[in-house]
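Single-letter residue listing:
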Amino acid sequence: MVESFVVEWPVIGETMKPEDALVAVRMSGRRAGLYRVKQVMREGLLLSHGAISFPVGTQLDIEQVHDAIPGVSQSARVVANDQSGVSLAWS
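Worth saying up front: this structure is predicted, and the values here are computed from it rather than measured.

Attention now goes to the pattern of salt bridges. The tally for this structure, following the rule as stated, stands at 1 salt bridge. Between Arg26 and Glu63 there is a salt bridge; the shortest N-O distance is 3.4 Å. Taken together, the residues span a long stretch of sequence, with Arg26 in strand β1 (residues 22-27) and Glu63 in strand β4 (residues 59-64) at a distance of 37 residues.

A separate point is the environment of Val79. With respect to the element layout, Val79 can be found in strand β5 (residues 73-82). Look at Val79 and you get partly exposed, because its relative accessible area is 47%. Sequence separation between Val79 and Val56 is 23 residues, and the spatial gap between their C-alpha atoms is 5.3 Å. Not counting residues within four places of it along the chain, the set of residues in contact with Val79 comprises Val56, Ser87, Leu88 and Ala89.

Quick look at the packing of aromatic side chains now. Geometry of an aromatic ring pair is reported as the spacing of the ring centres plus the angle between the planes. Inspection of the entire model under this criterion finds 1 aromatic pair. Pairing Tyr35 with Phe54 gives two aromatic rings, centres 5.7 Å apart and planes at 50°, and the pair type is tilted. Residue Tyr35 is located in strand β2 (residues 30-41), and its partner Phe54 is located in the loop between β3 (44-47) and β4; the two are separated by 19 residues in the primary sequence. The class for Tyr35 is buried, based on a relative accessible area of 2%. Under the relative-accessibility criterion, Phe54 is labelled buried at 3%.

About the thresholds
Residues numbered from 1 in each chain as written. Predicted model: local features only at pLDDT ≥ 70, side-chain atom pairs only at ≥ 80, totals over all residues. Heavy atoms only, no water. Salt bridge = Lys/Arg side-chain N within 4 Å of Asp/Glu carboxyl O. Helix = DSSP H or I, 4+ residues; strand = E, 2+ residues; numbered from the N terminus. Buried < 20%, exposed > 50% of the residue type's maximum accessible area, 1.4 Å probe, protein only. Contact = heavy atoms within 4.5 Å. Phe/Tyr/Trp six-rings, centres within 6.5 Å; stacked < 30°, edge-to-face > 60°.

Listed below in structure tokens is the structure:
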């Protein structure tokens, strides 16, 4: 049995909002994965949960995958990790 699925990915610059962007997360210089941005704030980001659950206080390096979020490529600290997502504050 063969099943086919159609996945529609937003195109950056057309339908993608900064909140739909992906960021690459690094911890201690090692890649931790790609995380979807739920909300962009002046003081930080709210990320969707991913494969790794970061404890509060963890220092992360955030790198944008595309130029969807201007100025995002810096260090951040996890300030909350709850059902709404992973909250980061810029360091």
